[in-house]
Each structure stands twice: as structure tokens, then as C-alpha cells.
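Reading the structure
The residues making up each chain are set out below.
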Amino acid sequence: MRASKLKKTSTNVTSPTQFLSSQLPKCPTGIQGLDEITLGGLPRGRPTLVCGSAGCGKTLLGMEFLVRGATEFGEPGVCLSFEETAEELTVNVASLGFDLAALIEQKQLVIDHVYLERGLIEEAGEYDLEALFVRLGYAVDSIGAKRVLLDSVEALFAGLQNNETLRAELRRLFRWLKERNLTTIVTGERGVNALTRHGLEEYLSDCVIVLDHQVTETVLTRRLRVVKYRGSTHGMNEYPFLIESDGISVLPVTSMDLKYGVCNDRLSTGVPALDTMFGGAGYYRGSSILISGTSGTGKTSLSGHFVAAACGRGERCVILSFEESEAQIIRNMRSIGIDLKHWVDKGLLHFHSVRPCTFGLEMHLLKIHKIIRQFSPSLVVVDPVTGLLHAGTAFETRSTLLRLIDFLKERQITALMTTLTSGESAREQTEIDISSLVDVWLLLRDIESGGERNRGIYILKARGVAHSNQIREFLLTDHGVELREVYLGDAGMLTGSARVTQEAQDASAALMGRQEIERKQLLLECKRRALSTQIAALQLALETEQQEAQQLIEQEKLKVTKLERDRGEMASSRFVKNSPNVSSGGSTSGPRARAAAKGGT
Amino acid sequence: MQSGSRRTGNPPVAKWELKLYVAGQTAKSLQAFVNLKRICDEHLAGEYRIEIIDLLLNPQLAAGDQILALPTLVRKLPEPVRKIIGDLSNTERVLVGLDLQRQQSASSQ
């Protein structure tokens, strides 16, 4: 018992469809996007009504359901076609890359064309549609089919007069399909006030999908909506879808919650000076960057740098161009020294150049999704997003861009968008008002002064990045974009020649200043030297005087000594004969005595 | 009506060749056969042959002859092929369907 429980859990985990909804088993259609909206596919073993007006793709959806079932999920299918023959169907879906003939050959598919023409059939009495059951049952059994397409069962209403019988038989048919556990798509033509012309939705209440197409300003958009899905949650909105060379793709859900991860990698913009404006490290990987500016301010050239830098790091890039062709962009970039051709040849760069008006916004978005899925780039350039404005209303464009940005964010792909701002409108308002959607906003602007037009660049915002608040002058040179410090002086901000002139003036002023200083220094030196000479002369004079004074002092001293000696001599000459005892007695003192003694010896 | 297809009527090569498609011996299919036999004997005595095809036994035949409703009567000969569905209880509609109405009115004139 425990083992079986375990086994059950493990199968639940391995099958995502069962895991998503344990109550209702689902049957994956294999149609891109549809399984996401229905959270796993159509209700298994139950009929699903697909309705819509003529030409909206009901049959194609049904056929893809069968073909994908046969080729991808190992579930053979039966198509009961009331409108087209097997040959017609084969030809019709060959354009989607489906080879029905081969599938029929491999016993993966049976197409039974049920032909009914009102005028050729006479109704005489009671009847039922047992033969339809017989045919369907036979076809299902012959290949072990798991999927059925009834396209479109409403043709019966045109072919048979007895509506009551028909309705009862249809009800019986749908019940029969359920009993046989066949996952079925029943197509129905859109009615005036109802989902289907003949009220099929009364009998098919498990799952109802409505297809629609709208033409807005000559552009067609196909839409799909899951109206009802009993026993399961599902996406509620209208989702645009495409019918293309590889089948139907439905645009997946706009992510409602902002749950994408973030990346802390900082990437170089390719312009070193711009990197320094971003705190020296560039932008975050996976951020959305907007470059806005009036025409001719160098938006495309700047994005060229981003692309070349990314390719240089070995990353893959996609350029979605709505104004210029691939060749034109490559040529123009070469003129500023960026070689994109090299990266295209290396397979790192992919161009997608279309006129925006060729198809609707949804179509654009879907195509972009497809390219991104196929190419898996790390940088996507949309040049310009304003190009998309022509493909829809402002509201639509905004929501489309939101979805695009979300889509890229989820995959941590950096989005670089350029937008053209018209001269008259406020500079800090982009036409489509996507400023709040982006993380980094670079503004390029014209600076007109002194009879010339120069370019300025500044960072209007950069979420999570310390960035410069300065306006730099933006130069397009033959070796790429260069940023210069602008001149800020008394006269305000100067750019271009005015800046050059001012810089020259400044330089000469500085030179003059330097010369003045040199002159002053020279003068000072002169003075210093003159003074020091004076000091030396004075010193000399002082020394001379000192010497003279010394001499005088010496002379005076000699004089004094001499005087004293003379006096002594005189004294001794006076007392030597009178007192010879004095010297022998020795008791007498005083100079007179000594002198006398000296004089005595 | 045990076999998949059973022939009723006299001549081996008949002017009128009719096929009645049924699915088993239901009340409707029995009723249709009885009604058909009656109409044929009345209007096409000696000129017809009826083949009964049971789709429960030969389901593959349903698609080939584009059979949808049961019972279905198919007039193979004379050309063109015509189809009548139902238990053939409405004789007038059967005659219209078999294109016998006109012949009858033409012979009565």
C-alpha cells in the first residue's frame, strides 16, 4: 500500500500536467503558448469547443492538435471533416509544415471527409446518425486514436432538416466521445448573439475556446480566449496568436507578478567615458535601458557601441530595427569605426529589420519572442521603440512594450531601446511614456548655441547605480563615440566651437598668468640678490669697523700696561735703596712691596 | 438479415438497383425494409434489386458511400445516385426521392 502511494506521488511529479492539476487530467496540445494558458492543455477525454468566425484558424488549431498529438505525444488522431476533403486539408496545412499524407501512411492519422448536400438527400421518416458513430468508431479503432477533431459539426445543420433529431444525436455523440475517453476538439462557427450559430456550447460545457480576429487600421490581429474551462483555472485574457510556417503560437501570459531574479553583473557600455558616468562599472545585466533623444542625436550609434561591446565579450545580440535595414546599419556603424559585419559573420549578431506597419503589435511581439527563443541573445536592441507606435495605439504600444520588457527581464536579457522624442514635447517625456518601465534612461539632447548644434548626453536615471549628474558633450568621431567634459563658466554651459574658443581663451589666460608669475619670481630673485649684496657689503663694513675697534682697544690696552710699567719702574727706582729688609722680612704686602721686590731683583 | 448484405428481388441484373444501409436489426431498420419492399413491389415490380448493408458488420463501407444517417436508402441505378434517409414511412417523400413521382404522373396522363 505504501509502495503504491509512493509510486503515485512519483508519477505525479514526473508529469507536469498532472502535477499542475491533480483533479483534472489534461491533454497537452503541443501548441506554443496554449498549454501555458490552459495550465497544461485541454481536458483529457472530454470534448472542447473551439469557435470563431470564418477564417480565424479553427481548423488549423484542430489539425495542429492532432498532428502534435501524433508526432509529439504518441496519440494518434482522427479528423472527421465536414467541410474539406482530406486532400484539401493536406494541402492547407502543408504550409504549416505538417505532412498529413505521411501521418496517414504511418497510421497516425485518419481523415474522414463527411460529405452532405442538402439537395441530394431526401428525408422520409425517422432516422438517426448511427452511421456517423460507426464511421468514427471504425476510424478510431483502426489506429487506436486518442484524439478527435470534428470540423465543423455544424455543417450537419445545413445538410439535415430534422433539427430535433440532430440535436439529440449530437448530444449522444459528445457523450459517446466522453465514454470512449477521446480528447476532442469540436469547431463551431461564431453565431450572432451566441458563441456558435447552432448553440453547440449547450452541449460542450467542459472547455470553450473562442478565436477571433480584429482588423485595426488595416492590420489584422488574431486573438484567442479561453471562455470556460470546467474544473481548472486558466488564463482569462484575450491572447494574440500567430499562424506561421511552424504552426500556431499563442502569445504567453503577461507576467502578473514581478518575480524575476536580478543579476549583479555590471557590463561595459563600450564607451569608457560613459562607464565612468555609471560609477565606473557600466550597467547591470538584464536591465532595461532607454536612450531617448531627438532625431540625429546619435541614438543608434550609441546602441552600436553597446552591441559591439557585448559581442566583444562573446555575448549574442539581436537588433530589432524598425527604420533601417541590416546593410544600412552595418555601413553607418562602420563610418564611426564599429564593425558589426564581423559579429554577424561570427554568428553573434542577428538583425531583424521590418517596417513596423507590416503587421500588428502582437505579431511583432510574437515574432520578437520567437527570435529571442531561437537565438537566445543576452542583449536586445529595439531601434526605435517609437517605430512600434505606428502599429497600434499608445495604450497598446505601452502594454506591448511592458510585455516585451517583462519577457526579456525574465530571461535576464538586457533590453536597449531607443526612442525618438519630438522637439516640441517636453524633453523628459517620451511619447509612449515608458520611462517608468525602464531601469536606465540616457538622454541625448541637442544643445544649440553660437550658430551650431552640438550633442549632449546625461543620465536621467539609473536604478541601483551611482551615476554622474553631469551633462557631457557627445562627439561622433570616426573611431566611435567620445564624451567630453562640457565647459561650465560664467556664461553657462558651452559646447562645440564655443567650448573650444573658451578653452583657448582659458589656455591663453593661463599662459599669461604663468608668465606673470615667472616675471614676479625673477623680480623677487633680483631683489633678493641686490639685498644680499648689500648685506655682504655691510657685513664687510662691520668687520672692518670691528677690526678697527679691536685695534684701538689693543692699543689702549698696551698704553695702559705701558703706563703701569712705567709707574712701577718709577716707584721701584724710588724705594729700592731705602728698604732692603722689606724683601727679606717677607711680611710686607701690597703691590708696592712686590714691585719693590721685583725691582729689587 | 443475418448476413452483411442480402439481395432481395427477382432479376440478377435489374433496372433499379437499391442499397439499404442499416446498423443491426433495429426497429427503424426493420421498418425501413418493410416500407421499401412495399413501395418497390407497388411501383417497380420485377424491375428492382435491394441490397441490405449492415454497417455493424461492414463499418468500412460507411465512409465509402458517404453514409451518415441510418437507415439510408441509396439508389445506385438508374443514375444519378440518390439518397433517402429515414425509415421510409413517408411514402410520398420516398417516391420523390426515388424520382418515381414524375414517372407515375406521366403514366397516369
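Everything that follows concerns the structure shown earlier in this document.
What counts, and where the lines are drawn
Here the residue index of a chain counts from 1 through its sequence in written order. Labels follow written order: the first chain is A, the first ligand is 1, and so on. Only residues with pLDDT of 70 or above have their local features reported here, since the model is predicted, and side-chain atom pairs are shown and tallied only from 80 upward, although totals for entire chains, interfaces and linings are computed over all residues. The basis for the side-chain values is all heavy atoms of the structure; hydrogens and waters are excluded. Helix and strand definitions follow DSSP, with helices as H or I runs of at least four residues and strands as E runs of at least two, each counted in order from the N terminus. Think of it in three bands: with a 1.4 Å probe and only protein chains considered, a residue is buried below 20% of the maximum accessible area for its type, exposed above 50%, and partly exposed in between. Should any heavy atoms of two residues lie within 4.5 Å, those residues are considered in contact. Residue-level accessible areas treat just the shown protein chains as cover; the underlying method is Shrake-Rupley with a 1.4 Å probe. Think of a nonpolar core as a cluster: buried Ala, Val, Leu, Ile, Met, Phe, Trp, Tyr and Cys residues, connected wherever their side-chain atoms sit within 4.5 Å. For two strands to be treated as a pair, DSSP must find no fewer than two bridges joining them. Working definition: the arc comes from the directions between the helix axis and the C-beta atoms, pointing outward to the latter. Inter-axis angles, ranging from 0 to 180 degrees, are taken between N-to-C directions of lines fitted to C-alpha atoms, where helices are fitted over the stretch in contact. We call two directions roughly parallel when the angle between them is under 35 degrees, roughly antiparallel when it is over 145, roughly perpendicular when it lies between 65 and 115, and oblique otherwise. Charged residues are taken to be Asp, Glu, Lys and Arg, nonpolar residues to be Ala, Val, Leu, Ile, Met, Phe, Trp, Tyr, Cys and Pro, and polar residues to be all remaining types, Gly included. Summed over both partners, the accessible area (1.4 Å probe) lost when two parts come together is defined as the buried area. Here, a salt bridge means any side-chain nitrogen of Lys or Arg that lies within 4 Å of a carboxyl oxygen of Asp or Glu. Under the rule applied, a polar contact is a pair of N or O atoms within 3.5 Å (in protein, one hydrogen donor and one hydrogen acceptor; residues adjacent in sequence only if both atoms are side-chain atoms). By this rule, a helix spans an expected 1.5 Å times one less than how many residues it contains. Just so you know, the count uses Lys and Arg for positive and Asp and Glu for negative, and it drops His and the chain ends.

**As for the overall build of chain A**
Tallying secondary structure elements over chain A gives 19 helices and 25 strands in all. Expressed as a percentage of the 601 residues in chain A, the buried residues total 47%. Long-range contacts, defined as pairs at least 24 residues apart, comprise 68% of the intrachain contacts of chain A with a sequence gap of at least 6. Approximately 30,700 Å² of chain A is accessible, and the part contributed by carbon and sulfur atoms is 53%.

**Details of the overall build of chain B**
Of regular secondary structure, chain B possesses four helices and five strands. Tracing chain B from N to C terminus, the helices and strands come up as β-β-α-β-α-β-β-α-α. In chain B, 70% of the contacts between residues at least 6 apart in sequence involve partners at least 24 apart.

**Here we look at the nonpolar core**
Within the largest apolar cluster, 41 residues are counted, with the highest numbers of intra-cluster contacts made by Leu132, Leu136, Leu156 and Leu200 of chain A. Looking at this core, the elements with two or more residues in it are strand E3 (47–52), strand E4 (77–81), helix H7 (130–143), strand E7 (147–151), helix H8 (155–159), helix H9 (163–179) and strand E9 (207–216) of chain A. Among all residues touching Leu132 of chain A, those that are not within four sequence positions of it are Leu80, Phe82, Val114, Leu156 and Leu173 of chain A together with Leu68 of chain B. Residues Ile319, Leu340, Leu348 and Val481 of chain A belong to the second largest nonpolar core, which totals 39 residues.

**A look at the pairing of strand E8 (residues 183–189) of chain A**
In the case of a regular strand, side chains alternate between the two sheet surfaces. Residues and elements named next belong to chain A. For E8, a buried count of seven out of seven residues is recorded, marking the element as mostly surrounded by other parts of the structure. Here E8 shows no split at all, with Thr183, Ile185, Thr187 and Glu189 on one side and Thr184, Val186 and Gly188 on the other all buried. Inspection of the sheet shows E3 paired to E8 by six bridges, in the parallel sense. Bridge pairing links Gly52 to Glu189 in E8. Pairing geometry for E7 and E8, over four bridges, is parallel. Across the sheet, the residue bridging to Val148 is Thr184, located in E8.

**Some thoughts on helix H12 (residues 326–335) of chain A**
All names here are of chain A. Every buried residue belonging to H12 is among Ile329, Ile330 and Met333, and all of these are buried. The buried residues of H12 occupy one face: seen down the axis, they fall within an arc of 100 degrees. Looking at H12, the residues exposed on the side facing more than 90 degrees away from the buried face are Ala327 and Arg331. Its buried side turned inward, H12 meets helix H11 (299–312), strand E16 (317–321), helix H13 (341–346) and strand E17 (349–353). Directly after H12, the chain includes Gly337, whose backbone phi takes a positive value near 85 degrees.

**Observations concerning the sheet that holds strand E23 (residues 480–485) of chain A**
All names here are of chain A. Here we have nine strands laid out as an open sheet, ordered E17-E16-E18-E19-E15-E20-E21-E22-E23, and mixed in their pairing. Two strands close off the open sheet at either side, each with one partner strand: E17 and E23. Each strand axis lies, on average, 25 degrees off the axis of its neighbour in the sheet, ignoring direction. Strand direction decides the pairing type here: E16 and strand E18 (residues 379–383), joined by five bridges, are parallel. Bridging across to E18, Ile319 finds its partner in Val381. Where H12 meets the sheet, its contacts fall on E16, E17 and strand E22 (472–477), and the angle it forms with E17 comes to roughly 125 degrees.

**So, the packing of helix H14 (residues 361–375) of chain A against helix H16 (residues 394–410) of chain A**
Residues and elements named next belong to chain A. Packing of H14 against H16 leaves a shortest axis separation of 10 Å and a crossing angle of 10 degrees. Classed by the angle they form, the pair H14 and H16 counts as roughly parallel. Where H14 abuts H16, its residues Leu361, Glu362, Leu365, Ile368, His369, Ile372 and Arg373 lie against Glu396, Thr397, Thr400, Arg403, Leu404, Phe407 and Leu408. By residue class, the composition of the contact of H14 with H16 is seven nonpolar, three polar and four charged.

**A word on the interface of chain B and chain A**
Think of interface size as the accessible area that goes away when the parts come together; that is how it is often given. In this assembly, 26 residues from chain B lie in contact with 23 residues from chain A. The junction of chain B with chain A conceals about 2,000 Å² of combined surface from both sides, 62% of it contributed by carbon and sulfur atoms. Viewed at the interface, chain A and chain B are joined by two salt bridges. The residue Lys28 of chain B makes a salt bridge to Asp128 of chain A at a minimum N-O spacing of 3.6 Å. For the pair chain B and chain A, the interface holds 14 residue pairs in polar contact (both at pLDDT 80 or more). Secondary-structure elements contributing two or more residues to the side of chain B that touches chain A are helix H2 (60–64), strand E5 (82–85) and helix H3 (91–98) of chain B. Looking at side-chain class alone, the side of chain B that touches chain A contains 16 nonpolar, six polar and four charged residues. With three bridges connecting them, strand E6 (residues 121–123) of chain A and E5 of chain B associate as parallel partners. Paired with Glu122 of chain A across the bridge in E5 of chain B is Ile84 of chain B.

**Quick notes on unusual backbone geometry**
The step from Asp383 of chain A to Pro384 of chain A runs through a cis peptide bond, and the omega angle for that step is -10 degrees. As for its placement among the helices and strands, Pro384 of chain A is situated in the loop between E18 and helix H15 (386–389). A cis amide bond links Glu79 of chain B with the next residue in sequence, Pro80 of chain B, at an omega value of -5 degrees. Along the chain, the position of Pro80 of chain B falls in the loop between strand E4 (72–77) and E5. Although it is not a glycine, Gln412 of chain A sits at a positive phi angle of roughly 55 degrees. Along the polypeptide, Gln412 of chain A turns up in the loop between H16 and strand E19 (414–420). Its identity as a non-glycine residue notwithstanding, Asp99 of chain B has a phi of 65 degrees, on the positive side.

**Things to note about the side chain of Glu123 of chain A**
Mapping Glu123 of chain A onto the fold places it in strand E6. Here Tyr127 of chain A takes part through its side chain, which lies 3.0 Å from a polar atom of the side chain of Glu123 of chain A. In contact with Glu123 of chain A, other than residues within four places in its own chain, are Gly159, Leu160, Gln161 and Asn162 of chain A together with Ile85 and Arg93 of chain B.

**Side note on the pairing of strand E12 (residues 247–250) of chain A**
Examined bridge by bridge, strand E11 (residues 238–244) of chain A and E12 of chain A share four bridges and lie antiparallel to one another. If you follow Leu242 of chain A over to E12 of chain A, its bridge partner there is Ser249 of chain A.

**Observations concerning helix H4 (residues 58–72) of chain A**
For an α-helix, the turn length of 3.6 residues means that residues three or four places apart are oriented alike. All names here are of chain A. In this model H4 runs 20 Å from its N-terminal to its C-terminal C-alpha over 15 residues, within 8% of the 21 Å that 1.5 Å per residue would give. With respect to burial, H4 is a largely interior element, 13 of its 15 residues being buried. Positive phi appears at Gly74, one or two residues downstream of H4, with a value of about 60 degrees.

**Digging into the side chain of Lys19 of chain B**
Residue and element names in this part refer to chain B. Checked against the element boundaries, Lys19 lands in strand E2 (residues 16–22). For the buried Lys19, no salt bridge is present, and the opposite-charge side chain at shortest range is Asp65, 4.1 Å distant. Aside from chain neighbours lying at most four places away, what touches Lys19 is Glu51, Ile53, Asp65, Thr72, Leu73, Val74 and Lys76.

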